[in-house]
Amino acid sequence: MSYKSHVSSQDRLFSAIEVRRIDRNDLWRALKYGTSDFFDSPTHPVFLTAIYLMVAVLVALLGLGENPLPLLFPLVSGMALIGPLAACGIYELSRRKEKGLDYAWWHAFDVLSSPSRPAILLMGGILAILFFCWMQTAIALYGVYFGDLNPGSLTVLMEQVFTTPAGWQLLISGCAIGLLYSVVVLVMTVVSLPAMVDEQTRFSPAVGLSLKACLRNWKTLMLWYVVVAALMWVGVLTFFFGLAILLPIVGHASWHLYRMLVKRELDAVS
């Protein structure tokens, strides 16, 4: 069977599949399994997380101009917009472990030669655009509330944001708009990216399956969104050191969540 006909059959499979309904107990199980994956071989995801954080730092240094302090919070929260793409390597490690294959850290880069690489790259491009749009939105919001006023230190920034009416308005509007961005990313990627890593599927059917999963489990997945956001901020508040553990745990847990949502049905159909 040619690759094209194989992909077409995968597309039909994805379009016909019914996702499983999950509840909050499944979320805790996913986190438990993700934690187990991490501690079974913690150096693997920590290595990947280090790469992810270095890229984020480079983006901050190169793109935020002379005084990046006003965009510190948007940058940190915006990392969640590109996080699902960075997690693809972690998905591959969990997939290999599940199948009893060698899951040394370098296998994370197997996604670069995946038949679904064009779909993964397309999703990466979309997430990068969303990240750029979010940062531009944050710049515009700061200009609306504070104009050209730039804080000279982190302490001044904290006072500016948390002790002034304009600062609270900035927080509320920024969180509301940021919520829209992140929900779009959740809906697009919660199933699609792990499915691309797991199956030879194109962009459209994978995103369609992700949308189907979100519509069927929207309450549970919104709880998942809150849990992940809380864990990420715990990592940030520990001066980013916590992210070296929490990011890979969430990545592994997201793989198991995907398996709970659709993989059993995929096995049954195939």
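Thresholds, definitions, all that
Residues numbered from 1 in each chain as written. Predicted model: local features only at pLDDT ≥ 70, side-chain atom pairs only at ≥ 80, totals over all residues. Heavy atoms only, no water. Helix = DSSP H or I, 4+ residues; strand = E, 2+ residues; numbered from the N terminus. Polar contact = N/O pair within 3.5 Å; in protein donor to acceptor, adjacent residues only side chain to side chain. Expected span 1.5 Å × (residues − 1). Buried < 20%, exposed > 50% of the residue type's maximum accessible area, 1.4 Å probe, protein only. Arc of directions from axis to C-beta. pLDDT = per-residue confidence, 0-100. Axes fitted to C-alpha atoms, helices over the stretch in contact; angles between N-to-C directions. Parallel < 35°, antiparallel > 145°, perpendicular 65-115°, else oblique. Contact = heavy atoms within 4.5 Å. Nonpolar A, V, L, I, M, F, W, Y, C, P; charged D, E, K, R; others polar. Salt bridge = Lys/Arg side-chain N within 4 Å of Asp/Glu carboxyl O. 1 Å grid on protein atoms, 1.4 Å probe; cavity = no way out; pocket = protein on both sides within 12 Å on 5 of 7 lines; lining within 4 Å. Points joined across faces, edges and corners; volume = space filled by probe spheres on them. Phe/Tyr/Trp six-rings, centres within 6.5 Å; stacked < 30°, edge-to-face > 60°. Patch = residues over 30% accessible without salt bridge, like charges linked within 9 Å, V, L, I, M, F, W, Y side chains within 5 Å. Areas by Shrake-Rupley, 256 points an atom, 1.4 Å probe, with all protein chains shown as cover. Core = buried A, V, L, I, M, F, W, Y, C linked by side-chain atoms within 4.5 Å.

Caption draft 1: Summary view of the side chain of Arg-259. Mapped onto the secondary structure, Arg-259 falls in helix 12 (residues 243-269). One polar contact links Arg-259 to Glu-98, side chain to side chain, over a distance of 2.7 Å.

Caption draft 2: Spotlight on helix 2 (residues 24-40). Counted at 1.5 Å a residue, the expected span for helix 2 with its 17 residues is 24 Å, and the 24 Å between its end C-alpha atoms agrees. Here helix 2 has its buried residues at Asp-26, Leu-27, Ala-30, Leu-31, Gly-34, Asp-37 and Phe-38. Down the axis of helix 2, the sector holding all buried residues measures 140°, keeping them to one side. Opposite the buried face of helix 2, by more than 90 degrees, sit the exposed residues Lys-32 and Phe-39. The N-terminus of helix 2 is capped by Asp-23, whose side-chain oxygen sits 3.0 Å from the backbone nitrogen of Asn-25.

Caption draft 3: Region of the structure containing the confidence of the model for the chain. Of all residues in the chain, 80% have pLDDT values of 70 or greater, and the mean over the chain is 81. When the elements of the chain are averaged for pLDDT, helix 1 (residues 3-16) gives the smallest value, 53, and helix 8 (residues 165-189) the largest, 93.

Caption draft 4: The arrangement of the packing of helix 7 (residues 154-162) against helix 8 in detail. Contact geometry for helix 7 and helix 8: axes closest at 5 Å, N-to-C directions at 85°. Here helix 7 lies roughly perpendicular to helix 8, going by the angle between them. Taken together, the residues of helix 8 that come into contact with helix 7 (itself represented by Gln-160, Val-161 and Phe-162) are Gly-167, Trp-168 and Leu-171. Among the residues making up the contact of helix 7 with helix 8, the classes are represented as four nonpolar, two polar and no charged.

Caption draft 5: Local environment of the pattern of salt bridges. In total, this model carries eight salt bridges according to the counting rule given. The partner of Glu-98 in a salt bridge is Arg-259, with the nearest N and O atoms 2.7 Å apart. You can see Glu-98 sitting in helix 5 (residues 88-98) and its partner Arg-259 sitting in helix 12, a full 161 residues away along the chain. What makes Glu-98 partly exposed here is its relative accessible area of 36%. Given a relative accessible area of 18%, Arg-259 falls into the buried group.

Caption draft 6: How the structure looks around the layout of surface pockets. The volume enclosed by the largest pocket comes to roughly 1300 Å³. What lines the largest pocket is a set of 50 residues, and nearest its centre among them are Val-76, Ser-77, Gly-78, Ala-80 and Trp-233. If you list the elements that add at least two residues to the lining of the largest pocket, you get helix 3 (43-63), helix 4 (72-86), helix 5, helix 6 (117-146), helix 7, helix 8, helix 11 (218-237) and helix 12.

Caption draft 7: Looking closely at the packing of aromatic side chains. Applying the stated criterion to the full structure yields six aromatic pairs. Pairing Tyr-142 with Phe-146 gives two aromatic rings, centres 5.2 Å apart and planes at 35°, and the pair type is tilted. With Tyr-142 and Phe-146 both in helix 6 and four residues apart, the pair spans about one turn of that helix. Each of the two residues, Tyr-142 as well as Phe-146, counts as buried. Ring centres 6.1 Å apart and planes at 80° place the aromatic pair Phe-162 and Trp-168 in the edge-to-face group.

Caption draft 8: How the structure looks around the environment of Pro-151. Mapping Pro-151 onto the fold places it in the loop between helix 6 and helix 7. Pro-151 sits in the buried class, given a relative accessible area of 2%. Considering only alpha carbons, one finds Pro-151 and Leu-69, 82 residues apart in sequence, at a separation of 7.1 Å.

Caption draft 9: Representation of a nonpolar patch on the surface in the model. A cluster of nonpolar side chains, namely Trp-105, Trp-106, Phe-109 and Leu-112, defines an oily patch on the protein surface of about 410 Å² accessible area. When you line up the elements, Leu-112 lands in the loop between helix 5 and helix 6.

Caption draft 10: Looking closely at the nonpolar core. Within the largest apolar cluster, 57 residues are counted, with the highest numbers of intra-cluster contacts made by Met-123, Val-191, Met-196, Trp-224 and Leu-257. No other element matches helix 12, which puts eleven residues into this core. Each residue touching Leu-257, except ones within four places of it in the same chain, is listed here: Ile-22, Leu-27, Ala-30, Val-190, Leu-221 and Trp-224. Counting residues in each nonpolar core, the second largest holds five residues, with Leu-141, Tyr-142, Ala-166 and Leu-170 among its members.

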